[in-house]
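For reference, the chains in residue letters:
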Amino acid sequence: IFLSQFASGLRGGGAQAWTYSYSTTPNRRWHEARKWCHQHLTNMVTIQTPEETDFINNLLPFNQKYYWIGIHKVDGVWTREGNNETVLEDVQNWAPKEPDNIVGQDCVEIYIKRDKDTAKWNNEKCQSKKGTVCYSASCTQDSCSAHADCVETVGNYTCQCHPGFHGPRCEEAIACKPLLEPEQGSHYCFHPYGSNRFNSSCRFHCELGFDLIGTNMTQCSSQGSWSHTLPVCQAKKCNPINSPPHGSLSCSDPHGSFSFGSRCMTTCDEGFLLNGTANAECTSLGMWSADIAHCSAKRCPALNSTTYGSLFCFDPHGEFSFGSQCTSTCEEGFLLNGTADTVCTSLGTWSADIPHCLAKRCPTLNSPPHGSFSCYDPHGEFNFGSRCTSTCEEGFLLNGTANTDCTSVGKWSRDVPRCLAKRCPTLNSPPHGSSSCSAPHGEFSFGSRCTSACEEGFVLSGTADTECTSVGTWSTDTPRCLAKKCPSLNSPAHGSSSCSDPHGEFSFGSRCTSTCEEGFVLNGTADTECTSLGTWSTETPHCLGKRKSHNLLIMYSTACVQLLLLSSFLLPASRLVT
């Protein structure tokens with residue numbers, strides 16, 4: 001024990017590693033006492049152990065007002081000042097009949113050197129003035145490592161290590177044995193306190209095609225052992241396979257029988273054929289890459305019993321194999337359609353097709369051209385009770401009754417109706433023209449396409465093409481053929497022209513004849529015609545005045561030629577051109 005004078009009225013003492021200070025001049029309220037301790041880098045004494053109680057009682061002088069200690073009531077609970085720990089009942093050192101429940105008595109005093117109840121506790125009002133007693137703890141920030149709790153003892157301290165740590169200051173994590181890589185696998189670790197030490201955690205993984213057997217994670221415990229044993233990477237297993245009948249199986253197994261990487265090959269005995277893939281491999285998914293092949297005698301296609309019938313077979317060499325003989329029979333009310341017996345031949349084919357058991361049938365119905373039908377068939381297509389309804393495509397009209405029924409005598413109640421294309425009005429070729437039509441569904445019916453053309457000398461007025469639509473009307477009106485026009489003709493001076501116009505004035509086919517007045521003679525061709533090109537065949541002639549002599553007679557000694565020139569001609573005319 002040592003004593004030191006810090007100030008007037010201030011005395012000090014220590015229990016080896018703990019140092020105490022006290023003050024009684026002046027006495028202070030509880031909060032003032034706490035403040036005074038803090039100002040001197042100490043805390044109020046909170047009484048940790050019975051030994052400390054005895055030490056304090058011996059150290060401190062008697063004070064009539066006694067001394068505050070660092071315990072007060074917080075939210076109805078007695079709490080140590082500084083660390084705010086709850087004071088457990090078994091360490092509370094109350095005087096008899098204390099603490100009482102008087103309102104406001106929330107702070108604790110200790111009876112130092114009192115004749116009665118010495119060193120016991122009493123709750124008092126915090127405003128009361130009493131002596132102050134403080135202490136400095138033995139533990140400092142550097143006393144122990146971060147992985148320990150510094151525990152105060154009378155005259156010393158102890159580093160209490162957290163689980164997983166050891167050493168004088170608990171600075172070293174406990175080590176576990178190093179881990180080995182599992183075969184066909186790997187692991188990676190997280191080491192917060194050093195490799196393979198406390199709280200190191202490792203996860204294990206297996207290569208493709210291998211399964212992890214065991215726990216995939218282990219952790220280094222506070223006892224220096226791993227939480228789980230090392231797992232094993234085991235090759236994935238495929239289902240065991242056996243040699244097929246009449247065959248054999250040979251396998252290579254690098255990782256164990258029927259395991260990942262195993263390769264098996266199937267071969268067949270003489271006289272049998274391999275049915276399937278010869279080689280199969282156990283994959284990383286634990287499945288065979290192919291089904292195991294079978295060895296089988298030559299087989300005929302599998303037979304199924306016909307609907308409403310049954311099949312009985314004799315199979316000396318396996319189902320539906322060479323020599324199998326099958327017989328078909330029908331249930332009551334059905335008729336056999338075909339040969340009852342069939343045999344599987346050496347070629348692997350049946351000697352006859354399996355017959356059918358048929359209810360009474362009506363003749364097969366075909367959809368009408370440009371139409372369709374839908375049927376309700378309770379007993380099979382076109383069988384008794386079937387009802388079929390016909391409909392027509394756009395542009396076609398139903399000719400007949402839409403519905404027909406297959407009767408009990410195997411006949412339809414009505415004939416299938418026809419779908420007739422809608423008709424458009426009859427088209428006539430335009431005058432002086434012609435029409436050519438394509439009629440896929442009948443003359444002047446839906447879908448018909450007609451093209452008009454004009455004769456030579458005539459021009460089309462309107463649209464050449466027209467089509468019969470689904471509503472029975474032509475898409476355009478029939479065009480007209482108009483005669484080509486020639487330039488207008490004027491009568492020659494001192495003459496006149498008369499024209500016949502079968503197709504209109506000065507149009508293709510018009511013929512005009514020119515004549516001269518009396519005393520004039522025509523110079524040129526009298527007749528001209530409007531050609532198919534819209535031009536006149538000759539130019540208009542001229543009328544010239546007559547000469548004195550109209551007749552000229554020339555005599556030769558060796559011949560005689562008479563030339564008669566006529567000044568006018570008489571031609572029929574329907575129109576006079578002036």
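If you look the chain up in an unreviewed UniProt entry, it shows as E-selectin from Seriola dumerili. Under the UniProt heading Sequence similarities (unreviewed entry), the entry covering the chain gives this text: "Belongs to the selectin/LECAM family." Per UniProt, the chain carries the Subunit (unreviewed entry) text "Interacts with SELPLG/PSGL1 and PODXL2 through the sialyl Lewis X epitope. SELPLG sulfation appears not to be required for this interaction."

To continue, consider the pattern of salt bridges. Within the structure shown, the criterion is met by eight salt bridges. The partner of glutamate 467 in a salt bridge is arginine 449, and the shortest N-O contact between them spans 3.0 Å. Of the two residues, glutamate 467 is situated in strand S37 (residues 465-467) and arginine 449 in strand S35 (residues 449-454); the sequence distance between them amounts to 18 residues. Residue glutamate 467 is classed as partly exposed on the basis of its relative accessible area, which comes to 30%.

As a further point, take the UniProt feature "domain: Sushi" (unreviewed entry) in the chain. Those places that UniProt annotates as "domain: Sushi" (unreviewed entry) correspond, in this numbering, to residues 174-235, 236-297, 298-359, 360-421, 422-483 and 484-545. In the segment residues 484-545, helix accounts for 0% and strand for 37%; the C-alpha atoms at its two ends are 36 Å apart.

Put plainly, a disulfide is one covalent bond tying together the sulfur atoms of two cysteines. Counted according to the given criterion, the structure contains 22 disulfides. The disulfide that involves cysteine 268 links it to cysteine 295, with 1.8 Å between the sulfurs. Where cysteine 268 bonds to cysteine 295 through sulfur, the torsion about that S-S bond is close to -90°, and the disulfide is left-handed. On the criterion of sequence distance, the pair formed by cysteine 268 in strand S20 (residues 263-268) and cysteine 295 in strand S23 (residues 294-296) is long-range, its members being 27 residues apart.

We now examine the sheet that holds strand S22 (residues 279-281). Hydrogen bonds between backbone groups are what pair the strands of a sheet, and the pairing can be parallel or antiparallel. An order of S19-S20-S22 is seen for the three strands of this open sheet, with the pairing classed as antiparallel. Edge positions in the sheet fall to strand S19 (247-252) and S22, since each of these pairs with one other strand and no more. If you compare each strand with its neighbour and ignore which way they point, the axes differ by 20° on average. Note that S20 and S22 share three bridges and pair antiparallel. Directly across from cysteine 264, in S22, lies its bridge partner alanine 280.

The next point concerns the packing of aromatic side chains. Enumeration according to the criterion identifies 18 aromatic pairs in this entry. Taking 6.0 Å as the distance between ring centres and 90° as the angle between the ring planes, the aromatic pair formed by phenylalanine 62 and tyrosine 66 counts as edge-to-face. An angle of 80° between the planes, with centres 6.0 Å apart, marks the rings of phenylalanine 506 and tryptophan 536 as edge-to-face. You can see phenylalanine 506 sitting in the loop between strand S39 (495-500) and strand S40 (511-516) and its partner tryptophan 536 sitting in the loop between strand S42 (527-529) and strand S43 (542-545), a full 30 residues away along the chain. Residue phenylalanine 506 shares its accessibility class with tryptophan 536, and that shared class is buried. The ring of tyrosine 111 carries the charged tip of arginine 114 above its face, separated from the ring centre by 4.0 Å. For the cation-ring pair, lysine 130 lies above tryptophan 68, with the distance from its terminal atom to the ring centre recorded as 5.7 Å.

Moving on, we get to the confidence of the model for the chain. Here the chain averages 85 in pLDDT, and 90% of its residues register 70 or above. Contacts for the low-pLDDT stretch residues 1-16, under 50 throughout, to residues beyond four places or in other chains number 41 contacts. Per-residue pLDDT stays below 50 along residues 549-578; that stretch engages in 39 contacts with residues further than four places along the chain or on separate chains.

Another aspect to go through is helix H1 (residues 30-39). Within H1 the residues assigned to the buried category are Trp30, Ala33, Trp36 and Cys37. All buried residues of H1 project into a common sector of 120° when viewed along the axis, lining one side. More than 90 degrees from the buried face of H1, the exposed residues found are Lys35 and Gln39.

Leu60 and Trp121 are the most contacted members of the largest nonpolar core, which has 20 residues in total. Contributing elements (two or more residues each) for this core: strand S3 (18-28), helix H2 (50-59), strand S5 (67-74), strand S7 (107-110) and strand S9 (130-136). Of all hydrophobic cores here, the second largest spans nine residues; its members include Ala33, Trp36, Trp68 and Cys107.

The subject of this paragraph is the side chain of serine 143. Along the chain, the position of serine 143 falls in the loop between S9 and strand S10 (148-153). Ignoring any residue separated from it by four or fewer positions in sequence, one finds serine 143 in contact with Ser138, Cys150, Tyr157, Cys159 and Arg169.

Thresholds applied
- Along each chain, numbering runs from 1 in the same order as the chain's sequence is written.
- Per-residue local features are limited, in this predicted model, to residues with pLDDT of at least 70; the limit for side-chain atom pairs, both in listing and counting, is 80 or more; totals at the level of whole chains, interfaces and linings are taken over all residues.
- Side-chain metrics rest on all non-hydrogen atoms present in the structure, leaving aside hydrogens and water.
- UniProt positions are given in the numbering used here, feature names are shortened, and annotations may be inferred rather than shown by experiment.
- We count a salt bridge whenever a side-chain nitrogen from Lys or Arg sits within 4 Å of a carboxyl oxygen from Asp or Glu.
- Counting from the N terminus, the helices are the DSSP runs of H or I reaching at least four residues and the strands are the DSSP runs of E reaching at least two.
- Buried means the residue's accessible area, taken with a 1.4 Å probe over protein chains only, is under 20% of the maximum for its type, while exposed means over 50%, and partly exposed covers the values in between.
- Defined by distance alone, a disulfide is two cysteine sulfur atoms within 2.5 Å.
- Only when DSSP finds a minimum of two bridges between them are two strands counted as paired.
- The axes are straight lines fitted to the C-alpha atoms, using for helices just the contacting stretch, and the angles between their N-to-C directions are given from 0 to 180°.
- Note on aromatic contacts: the rings of Phe and Tyr and the six-membered ring of Trp form a pair at centre separations within 6.5 Å, being stacked when their planes are under 30 degrees apart, edge-to-face when over 60 apart, and tilted otherwise.
- Counted as over-ring charges are cases with an Arg CZ or a Lys NZ within 6 Å of the ring centre that also lie within 35 degrees of the ring normal.
- The predictor reports its confidence for every residue as pLDDT, a score running from 0 up to 100.
- The criterion used for residue contact is that any of the two residues' heavy atoms lie within 4.5 Å.
- Directions are taken from the helix axis to each C-beta atom, and the arc is the one they span.
- Residues enter a nonpolar core if they are buried and are Ala, Val, Leu, Ile, Met, Phe, Trp, Tyr or Cys, with the set joined through side-chain atoms within 4.5 Å.

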